[in-house]
Each structure stands twice: as C-alpha cells, then as structure tokens.
Amino acid sequence: MPNLDVKALRYMGADEFRVLTAVEMGMKNHEVVPTALIESISGLKRGGAFKLVKQLCKHKLVQHQSKGYDGYRLTFKGYDYLGLKALSKRNSVGAVGIQIGVGKESDIFTVNTVEGVEVCLKLHRLGRTCFRTVKNNRDYLKNNQAASWLYLSRLSALKEFAFMSALHAKGFPVPTPIDVNRHCVVMSLSHGYQMNSVQLLRHPAKVFDTLMQLICRLASYGLIHCDFNEFNLLIDDEEQVTLIDFPQMVSTSHINAKYYFDRDVECMRAFFKRRFGFEAAEVPSLDADVSRHHDLDRELAASGWTAAAKADFDSLAALEARAVEELDDDLGDDDGDDDEEEEEDDDEGNDS
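Nothing here was measured: the structure is a model prediction, and the numbers come from that model.

Draft legend 1. Broad picture of the packing of aromatic side chains. Applying the stated rule across the entire model yields seven aromatic pairs. Consider the rings of F172 and Y221, whose centres lie 5.2 Å apart with planes at 75°: the pair is edge-to-face. With F172 in the loop between helix 6 (149-169) and strand 7 (177-181) and Y221 in the loop between helix 7 (204-220) and strand 10 (223-224), this pair connects stretches of sequence that are 49 residues apart. Residues F172 and Y221 agree in their burial class; the two are buried. Plain terms: the ring middles of F271 and F272 are 6.0 Å apart, the flat faces sit at 80° to each other, and that makes the pair edge-to-face. Its relative accessible area of 0% is what places F272 among the buried residues. An aromatic cluster of three or more residues is present, and its members are F208, F271, F272, F276 and F278. Sitting above the plane of the F172 ring, R217 keeps its charged end 4.0 Å from the centroid.

In structure tokens:
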C-alpha cells in the first residue's frame, strides 16, 4: 500500500476546499452529486466551480461520472484531505509520516503534531472488497437506513474514539485519544509489536493471565471486545500489553454476549498454544468469573443495550454541525487572508 499522498494539500486554497466540501455535503442525498448542485452549495460562479472541480478530479480527490447525468463523487483521498485539513487547523496534525499498518477496514500512519510529537493517525476505510458485509456485521446504522461507505467510515471513527476515550479514562491499557474528524482518529503512538509478529515470550503464562484479566475487566464494565486477537494486541519489550481497535465492541447485555466472550477467550487460548506452546489449564467464563460493577456500556450506548439502541449515535448530528461550522470559519479566515493580501497588493500598486 502506498503512503498517503498529501503533496497537493498544502497548495489547495479556500475555494478548492469549498468545492470539495460541497461535494461531501451533496453526497448526503446523492450518490453522484450533479455539477449544478456543487455550484449551488459552494456559492461559486459556474466557471470557477467547474474549473476547480476539474482540478480536484485531476488530483483524484473527486471522481467524475456521467452515467444518467453529469456529476462527481468524493473519493477516499478527498475525504482524507477534508479530515486532515480540519485536524491541521486544530493543530492536531502538522505533518504526515509513513504508513505503519493496514487492515481490512483501516490504514495506520505516523503523523507529527504542530509541537513535533509523533502520534498515530488511523483512517477508517469501510467498504473494501474484503469487508463488504460491514452493514450486516456492524450496527452503525438502524434498520432500513442507507448510507455511503464514507458515512459508515465516519460512524466507525466516532464510535472508536468514544470507546477509546472512555476506556482510557478508566485506566485501561489503550492508546491515548487525541482528536477525531470525519473518518480520521488521532491517538498516541504505542511503542510495541503486534502480537502476531512475536515469536517468543519470556513469560507466556503471565502474559496470557494478563490478557484474561483484561477480558474479564472489560466485561465487568459491561463491554466485550468481540475482536480480541493477536492482530489487535500490542506488546512491548517489558511484555506490557496495549489493546487497540474498538468499533465492534458490544454490551454484555447483548443477546450473543456469551458467544462473543467465549470466542475472544478461545482465540487467545488457541493462539498461545499454537505460537508459544502454552496451554492454559483453565479459562474464564462470562457467567461464572465475571461480576458486573459498572455500566460503561450504557454510557456509551453499546450495541445490545436495548434501552439505548434507538439513541445510537444520536450525537452525530451535533458533531457534524460543529464540524461544518468549524470548516466554514476556517474557510472564512482563509478568505479574509486572501482579501488582506489583495489589499496589500493594491497598496503596493498605488505606491508605485
């Protein structure tokens, strides 16, 4: 997989982002946004909007389609640019580094903050060929509700950031959440190795016990990870474990909670036996070994908690409105800067 190409980002002005945002807003109701609608939303004249959308198409930020009618749709690269622009305005991202991971539904990059601190950027990319069943496997949307893969990726990022923030506040070994915008999640960089790449452990029994305690502690807070495997666990040289990837978490009130809990436990038991030759004599059970002491699933409206199912992601509209307001303010600031530059040029011309 190639690194995230952001060379064109620094040369894009306010009008380009205005047109790109217009395509994003138009995709709420259109799979392919008509050119006339892009002009209307962006507020630019026909000639200017047409010229800019062609430039965006050249950089593969939007894709042109003429089947049925002439229009454009936002690509994941264009969505990346919108997210990075907002994060850079908030000083959460100052520079993009290298790609350090790729999964069935995300890409992971190193980035630097404005202060020069190296952190991690996760770009959710739901809709890949290997993950086309996401609408059936995940509960981001209510029944009979349709949305684009970009919108689903945004929901996935918001849900992961919410779970990560809550777990970090409770002292769980997870990355430190920093910021989120659209499908982009910024978090601290965990200095460890993916457990799948580890061939030898000094204390496999101790590490396995730590993982089982972590699964049980999550359950005591009312949560089950549902993807607790060697690909979502990081381990450092001191054999300290960090848990990652949270969008699929469900409540212990879920109808299939016992199945998911046992699957997480069995996945780790089978991996340690296969990779390290360690076989546990006993493994925990949800009914016998877990006592629920907290209601973190209710606070987060985890799937399976029926009282909160109707309110799943009810805060999304407010977050979207805030993001649009921030972007409008940013574009307004850029316009103001352009006007000031034009005034300075005029003054210089008058002086000459």
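Now that the structure has been shown, the text picks up again.
Draft legend 2. Representation of the environment of Y69 in the model. Structurally, the position occupied by Y69 is in the loop between strand 2 (62-65) and strand 3 (71-74). Through-space distance from the C-alpha of Y69 to that of V32 is 8.7 Å; in sequence the pair is 37 residues apart. Engagement of the side chain of Y69 in a polar contact is seen with the backbone oxygen of V32, the distance being 2.5 Å.

Draft legend 3. Region of the structure containing the pairing of strand 8 (residues 184-188). With four of five residues buried, strand 8 lies mostly within the body of the structure. Where strand 6 (residues 118-124) meets strand 8, five bridges bridge the pair, whose relative direction is antiparallel. Residue pairing in the sheet places L121 in a bridge with V186 of strand 8. Pairing of strand 7 with strand 8, which is carried by four bridges, proceeds in the antiparallel orientation. Bridge assignment links N181 to a residue of strand 8, and that residue is C184. Here strand 7 folds back onto strand 8 in antiparallel fashion, the turn holding two residues, of which R182 has a positive phi close to 55°.

Draft legend 4. Molecular detail of the nonpolar core. With 52 residues, the main nonpolar core has L167, L211, F261, M268 and F272 as its most contacted residues. Broken down by secondary-structure element, the contributors of at least two residues to this core are helix 6, strand 8, helix 7, strand 10, strand 11 (233-235), strand 12 (241-243), helix 8 (257-276) and helix 10 (296-300). If you tally residues by element for this core, the top one is helix 7, at nine residues. For F272, the residues in contact, after removing those within four places along its chain, are M195, L201, P204, V207, F208, L211, G277 and F278. Membership of the second largest hydrophobic core comes to 33 residues, among which are A22, M27, I38 and C184.

Draft legend 5. Main features of the pattern of salt bridges. Applying the stated criterion across every chain yields a total of 14 salt bridges. For R90, the salt bridge goes to D179, with nearest N and O atoms at 3.0 Å. Taken together, the positions of R90 in the loop between helix 4 (76-89) and strand 4 (95-102) and D179 in strand 7 put the pair 89 residues apart, joining distant regions of the chain. In this structure R90 comes out as partly exposed when scored by relative accessible area, which is 30%. Close ionic contact of K122 with D245 constitutes a salt bridge, the shortest N to O distance being 3.3 Å. Of the two residues, K122 sits in strand 6 while D245 sits in the loop between strand 12 and strand 13 (250-251), which places them 123 residues apart along the sequence.

Draft legend 6. Structural context of unusual backbone geometry. Phi at N91 is positive, roughly 65°, even though this residue is not glycine. You can see N91 is positioned in the loop between helix 4 and strand 4. A relative accessible area of 45% means that N91 is categorised as partly exposed. Positive phi values are uncommon outside glycine, yet C226 reaches one of about 75°. Here C226 shows up in the loop between strand 10 and strand 11.

Draft legend 7. View of the packing of helix 7 against helix 8. Their axes nearest at 11 Å, the elements helix 7 and helix 8 cross at an angle of 170°. The angle between helix 7 and helix 8 places the two elements in the roughly antiparallel class. Each of P204, V207, F208, L211, M212, I215, C216 and A219 in helix 7 lies in contact with helix 8, whose residues at this interface are F261, D264, V265, M268, R269, F272 and F276.

Draft legend 8. Seen up close, the side chain of H124. Relative to the helices and strands, H124 is located in strand 6. A distance of 2.7 Å separates the side chain of H124 from the side chain of S156, its partner in a polar contact. Leaving out residues up to four positions away in the same chain, H124 has contacts with F76, E105, S106, S153, S156, A157, E160, H183, V185 and P247.

Parameters and conventions
- Residues numbered from 1 in each chain as written.
- Predicted model: local features only at pLDDT ≥ 70, side-chain atom pairs only at ≥ 80, totals over all residues.
- Heavy atoms only, no water.
- Phe/Tyr/Trp six-rings, centres within 6.5 Å; stacked < 30°, edge-to-face > 60°.
- Helix = DSSP H or I, 4+ residues; strand = E, 2+ residues; numbered from the N terminus.
- Buried < 20%, exposed > 50% of the residue type's maximum accessible area, 1.4 Å probe, protein only.
- Lys NZ or Arg CZ within 6 Å of the ring centre and 35° of its normal.
- Polar contact = N/O pair within 3.5 Å; in protein donor to acceptor, adjacent residues only side chain to side chain.
- Pairing = 2+ DSSP bridges.
- Core = buried A, V, L, I, M, F, W, Y, C linked by side-chain atoms within 4.5 Å.
- Contact = heavy atoms within 4.5 Å.
- Salt bridge = Lys/Arg side-chain N within 4 Å of Asp/Glu carboxyl O.
- Axes fitted to C-alpha atoms, helices over the stretch in contact; angles between N-to-C directions.
- Parallel < 35°, antiparallel > 145°, perpendicular 65-115°, else oblique.

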